[in-house]
Amino acid sequence: MKQPPYGDSPAPPTAQRTDPDALAATDRARLIHPHLPGGVTERVVMVEGSGCRLRDAHGREYLDATGGLMLAHVGHGRRELVEAAAGQMARLEYYTSFHEFTNEPSIRLAERLVDLAPAPMERVYFTSGGAEAVDAALRMARLYHHRRGEPDRTWVLARHFGYHGVTYGGAAVTGMPMFHRGFGPMMPGVRHLTPPMPSHPGMYGGEDPTEYCLRELRETIEDIGAGRIAAMIGEPILGVAGVVEPPRDYWPRVRELLDAHGILLVLDEVITGFGRTGHWFAAERLGVAPDLIVTAKGLTSGYFPMGALLAAGHVADVVTREEGFLGGYTYSGHATGCAVALENLRILEREGLPAAATEIGGHLGTRLRALEELPVVAEVRQIGLMLGIELTADPATGEPAPADRVPPLVRERHGVIVRNNPNTVLLSPPLVMSRWEADRVADAVTDVLTEYADRRTHGRTTPRTTAAAPAPTAAPASPASAPASASGPAPASPASPPAPPSMPDLLAAAMEWHFSPETGSRFWLERARTLDFDPRRDVRTEADLALFPNVVDELRDVRVEDLVPRGYGDVPVPPDVYESGGTTGAPKRVAWLPDLHERLTAWHCEALDARGVPRGVNWLTIGPSGPHVFGPISRTMAHRRGGIPFTVDLDPRWVKKCVAEGRAEDAKRYAEHVLDQVRAILRSQDVGVVFTTPPLLEAMAGDDELAGLLDRKVSTLIWGGASMSVDTRTLLREEVFPGARLIGFYGSTMVGGGMYERAGSGPHEPSTFDPPYPFISLRVVDPATGATVPYGERGQVVMSHVSRSMLLPNNLERDTALRVRPAGGGAGDAVADIRPVPTFGGTTVIEGVY
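Residues numbered from 1 in each chain as written. Predicted model: local features only at pLDDT ≥ 70, side-chain atom pairs only at ≥ 80, totals over all residues. Heavy atoms only, no water.

## Observations concerning the nonpolar core
Just so we agree on the cut-off: Residues grouped as a nonpolar core are buried Ala, Val, Leu, Ile, Met, Phe, Trp, Tyr and Cys residues, joined through side-chain atoms within 4.5 Å. We call a residue buried when its accessible area falls under 20% of the maximum for its residue type, exposed when it is over 50%, and partly exposed in between, using a 1.4 Å probe and counting protein chains only. Going along the chain from the N terminus, every DSSP run of H or I of four or more residues is numbered as a helix, and every run of E of two or more is numbered as a strand. Throughout, a residue-residue contact means that at least one pair of heavy atoms, one from each residue, lies within 4.5 Å.
Ranked by internal contacts, the top residues of the largest apolar core, which has 94 residues, are Phe548, Leu620, Ile622, Val678, Leu697, Leu717 and Val831. Looking at this core, the element that brings in the most residues is helix α22 (residues 664-684), giving 7 residues. Leaving out residues up to four positions away in the same chain, Phe548 has contacts with Met511, Phe515, Trp524, Leu531, Phe533, Pro535, Val539, Pro809 and Asn810. Grouped together as the second largest cluster of nonpolar side chains are 64 residues, Ile293, Leu368, Ile389 and Tyr452 included.

What follows is the structure in structure tokens.
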């Protein structure tokens, strides 16, 4: 049975058959891990990745806030890169690039890198990784001077705390003694200098850091002799040392001094290259023009081991003359690696990921800078999506505190992976990280460091370890961001939703799943015969969903069993059945499978946590309890969040029928009947969250007793199911219920989900809604032409659902809305200012009480 490799699917069959304990035992017996003492027995065996999410062999999910080792720029599980590698392998997997031999991908990649790199980079030398590129840069610098008649220029200047890999040359210029001890003698002719670290003024004896470092550099050049120095190498921004950016005048002045003495400048951009700082290269950010740039990591986002050395024209012209640049690497210019790198660069550019690093990094930095109020946090530093949280044992003296216990606790408690150097927590997530994922990272780190600070304050030097890690098959807990209620502490958070894949990945897997005879539902397999396209071949982008007809009216009559995909197995999966509509004919039905319900409620929990809705409080839902999904979802939410569900049922079809037939008095009496039930519950029960419709919320606001009960008891009011004007929302929020959160919700039973109001809307701005993209996506179209309207213009809403559980493209909703750009520069569209259409299907639309 096929299993689709997208976000809401279970682990693939290979991962399910894996014995994680056996794998770990074999690992301990056979593998030598970098930086792992031999006595440590723990192993985390990763088997799957998608976006910023990872899954281990036990089935537990993690949020990757490190990008592995500061790479994975485009995220894990990108199908485009798999296809790029496979396509190139099918043509030419590899041939040597030595001598006159070459291949097309390496030529095109070299051209692309020169286009992206700052001047005066003109030539490219490919390696298998960053450390090899560092060694090549050192050799190239020495050879450059040798061929220009200065063979004594062999010395290399580097910096303390700099990191340049652990090859022989790279380790020699790395300024961290731990990589020298026991490995000596190191490469001779290396001198380490003081780096500029403005947050540590004690290093400079009261002198300006740049002035100190420039004076030291001048004295070093005089001591060694300018005629004996080949190059100076440095990271433009210290990465492993703690994400430290130098003062703005440092690198330009270093460049000027080196030029005056004929010394080459090598910038190690292995970490900072390809968008991590918000620029293609950090040299652009810092305003410096090096002679050589070393790069790797983001070049392929880790999908292929590859690095590159970029050389200025004046250097390349010298080192390639005579017999050329002697020596190379077997895999230099590897055809498959270059093809992967080219596609990776296309993704970075197409999705605007350098800009996303600035935006999401800024948001994450803002969240984490609040930690500077803790006595254990000396400073939070952020450049793009590079962040360092430096810990201190004494804020007055700046004495460092160890950070080694923080990453294990963040991982164990919250399923978030971070790194550390001796006293700094390091974060370098994939550049595709979403805002809500960044919030989850911030919540996880904040939780652990807050406890760390509390325990150090009370005399304990390290945070406790958790009593037990979550069960192996459990997904990581959500951030514990919601406060406890008055009635007791908040219960444990639920499992987080699966990692959202890219839309192309989701579509490729979903089309295969829903239209393969082995896995598709009877409904879609039979419907496919009437289509004039092949979904498995032709549906690859969000725009391709428009190829499908709108089939929702067919769901009035179809057997529910025919909607369940065969891939769920021979044993029938009993779905719940929910209905929508019914005032324009027979209701339309959807098959609601257990995994869809689980995914949706988990997403709801994440969204409510992000909006500060408390856990551990009771819910009152005033809406249809069945056959609509409104009531069942609310009951699940109350239970999942540690509360008791109270319900007052509605029959919106009956009310709408009364209104349509002119029986306004009957509709009014029905509303009064509903409010009497609400009154009885609020008088006698503790309720913290009320979920209802705008007309009923307005009716309660106009009833003195009900308004008073809501004001005293209820902390969160969620409205949905009908539109609410900006003026009404402002009146309720600011005058009637000023002490409560007022949150809008917009959803659709037919597409299996909905979305909460975007936070931060001003009093005169309409409510905006972002869907759980890509599983649910929105278009806003001109109803006359079906064409998508421009941003900021009004049209009719079209929703699509694509997942393992359900395929429903192009559901035309009974609403109009403004088309809005997605939050945080993400993908897909959002909608604002929802209003009902006047007529739908030839029938007047009535909102009534719902």
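## Quick look at empty space enclosed by the protein
This is how the line gets drawn: We place a 1 Å grid over just the protein atoms. Points where a 1.4 Å probe fits but has no way out form a cavity, open points with protein on both sides within 12 Å along at least 5 of 7 lines form a pocket, and any residue with an atom within 4 Å of a point lines it. Grid points are joined across faces, edges and corners, and a volume is the space filled by probe spheres set on the points. Charged means Asp, Glu, Lys or Arg here, nonpolar means Ala, Val, Leu, Ile, Met, Phe, Trp, Tyr, Cys or Pro, and polar covers whatever is left, Gly included.
Enumeration over the complete set of coordinates arrives at 4 cavities of 30 Å³ or more. Considered as a void within the structure, the largest cavity measures approximately 160 Å³ in volume. Looking at the largest cavity, it is lined by 15 residues, and the ones nearest its centre are Trp524, Leu563, Ala591, Met806 and Leu807. When contributions to the lining of the largest cavity are tallied by element, the ones reaching two or more residues are α17 (522-528), β18 (588-592) and β28 (807-820). Its residues placed into classes, the lining of the largest cavity shows 11 nonpolar, 3 polar and 1 charged.

## Here's the deal with a nonpolar patch on the surface
Test applied: Like-charged residues are merged into a patch within 9 Å and nonpolar side chains (Val, Leu, Ile, Met, Phe, Trp, Tyr) within 5 Å, provided each residue has over 30% relative accessible area and no salt bridge. Using a 1.4 Å probe, the Shrake-Rupley method yields the accessible areas, and only the shown protein chains count as cover for residues. For this document, the term salt bridge refers to a Lys or Arg side-chain nitrogen within 4 Å of an Asp or Glu carboxyl oxygen.
Among the surface-exposed residues, Leu92, Tyr95 and Phe101 lie close enough to one another that they form a single nonpolar patch of about 270 Å² accessible area. By secondary structure assignment, the location of Leu92 is in the loop between α4 (79-91) and α5 (104-116). Overall, Leu92 belongs to the partly exposed group, its relative accessible area being 32%.

## A few points about the packing of aromatic side chains
Quick reminder of the rule: In summary, the pairing rule links any two rings of Phe, Tyr or Trp, Trp by its six-membered ring, whose centres are within 6.5 Å, and it sorts them by plane angle into stacked for under 30 degrees, edge-to-face for over 60 and tilted for everything else.
Overall, the coordinates contain 21 aromatic pairs when judged by the stated rule. Measuring from centroid to centroid gives 5.3 Å for Phe523 and Trp524, while their planes differ by 75°, and the two rings are edge-to-face. The burial state of Phe523 is the same as that of Trp524; both residues are buried. Measuring from ring centre to ring centre gives 5.9 Å for Tyr746 and Phe769, while their planes differ by 55°; the resulting arrangement is tilted.

## Points about the pairing of strand β29 (residues 830-836)
On any regular strand, side chains alternate: one points to one face of the sheet, the next to the other face. Heads up, the rule is: The pairing criterion is simple: DSSP has to find at least two bridges between the two strands.
Among the 7 residues in β29, 5 count as buried, and that is most of the element. As paired elements, strand β25 (residues 768-769) and β29 share 2 bridges and run antiparallel to each other. Directly across from Thr768, in β29, lies its bridge partner Ala832. With 5 bridges joining them, β28 and β29 adopt antiparallel strand pairing. The residue bridging Asp815 from the neighbouring strand is Pro836, located in β29.

## Here we look at the sheet that holds strand β27 (residues 794-802)
Spatially, 5 strands are ordered β25-β29-β28-β27-β26 in an open sheet, and the strand pairing comes out antiparallel. Pairing within the sheet leaves two strands with one partner each, and these edge strands are β25 and β26 (776-781).

## Focus: the sheet that holds strand β23 (residues 741-748)
Heads up, the rule is: For every element, the axis is a line fit to its C-alpha atoms; helices are fit only across the contacting stretch, and the angle between N-to-C directions ranges from 0 to 180 degrees.
One open sheet accounts for 6 strands, arranged β20-β19-β21-β22-β23-β24; its pairing is mixed. The sheet terminates laterally at β20 (645-649) and β24 (753-756), the two strands that pair on one side only. Recorded for the sheet is a direction-independent mean angle of 20° between the axes of neighbouring strands. Relative to β24, β23 runs antiparallel, the two being bridged by 4 bridges. From the neighbouring strand, Ser748 faces β24, where its bridge partner is Gly753.

## Concerning unusual backbone geometry
The omega torsion across Ala119 and Pro120 is 10°, close enough to zero to call that bond cis. Position of Pro120 relative to the elements: it lies in the loop between α5 and β4 (121-127). Even without being a glycine, His99 presents a positive backbone phi close to 60°. When you line up the elements, His99 lands in the loop between α4 and α5. At Val243, a position not held by glycine, the phi torsion is positive, near 60°. Within the secondary structure, Val243 is located in the loop between β7 (229-234) and α9 (250-260). By relative accessible area, which is 1% here, Val243 ends up buried.

## Quick look at the pattern of salt bridges
Applying the stated criterion across every chain, the model contains 56 salt bridges. Its salt-bridge partner being Glu80, residue Arg78 comes within 2.9 Å of it at the nearest N-O pair. Given a relative accessible area of 12%, Glu80 falls into the buried group. In this structure, Glu379 and Arg381 form a salt bridge, with 2.8 Å as the shortest nitrogen-oxygen distance. Owing to a relative accessible area of 23%, Glu379 belongs among the partly exposed residues under this scheme. Assessed through its relative accessible area of 9%, Arg381 is described here as buried.

## Observations concerning helix α14 (residues 406-414)
Burial of α14 is extensive: 9 of the 9 residues sit out of reach of the surface. Of the positions making up α14, those classed as buried are Val406, Pro407, Pro408, Leu409, Val410, Arg411, Glu412, Arg413 and His414. Where α14 terminates, the next one or two residues include Gly415, which has phi positive at roughly 65°.

## Some points on the environment of Val190
Mapped onto the elements, Val190 comes out in strand β6 (residues 190-193). Look at Val190 and you get buried, because its relative accessible area is 18%. For the pair formed by Val190 and Arg419, sequence separation is 229 residues and the distance between their alpha carbons is 29 Å.

## With respect to the packing of helix α21 (residues 652-660) against α22
Note the cut-off: Convention used here: angles under 35 degrees read as roughly parallel, angles over 145 as roughly antiparallel, angles from 65 to 115 as roughly perpendicular, and any remaining angle as oblique.
Two elements in contact, α21 and α22, have axes separated by 7 Å at closest approach and are oriented at 150°. Relative to α22, the element α21 is oriented roughly antiparallel. Contacts from Trp654, Val655, Cys658 and Val659 of α21 reach α22 at Ala664, Asp666, Ala667 and Tyr670. Residues of the contact of α21 with α22, tallied by class, amount to 7 nonpolar, no polar and 1 charged.

## Overview of the environment of Ala289
When you line up the elements, Ala289 lands in the loop between α10 (282-286) and β9 (292-295). Ala289 gets classed as partly exposed once you look at its relative accessible area, which sits at 35%. If sequence neighbours within four positions are ignored, Ala289 has contacts with Ala119, Pro120 and Arg255.

## Looking at the packing of α4 against helix α12 (residues 335-350)
Stated precisely, the cut-off is as follows: Crossing chirality is assigned from the near helix's rotation relative to the far helix, an anticlockwise turn below a right angle marking it left-handed and a clockwise turn marking it right-handed.
Remark: α4 packs on α12, axes separated minimally by 8 Å, with the N-to-C direction vectors making an angle of 150°. Considered as vectors, α4 and α12 are oriented roughly antiparallel to each other. The two elements α4 and α12 meet at a crossing, and its hand is right-handed. The residues of α12 that touch α4, namely those facing Glu80, Leu81, Ala84, Ala85, Gln88 and Met89, are Ala335, Thr336, Ala339, Val340, Glu343, Asn344, Ile347 and Arg350. Its residues assigned to classes, the contact of α4 with α12 shows 8 nonpolar, 3 polar and 3 charged.

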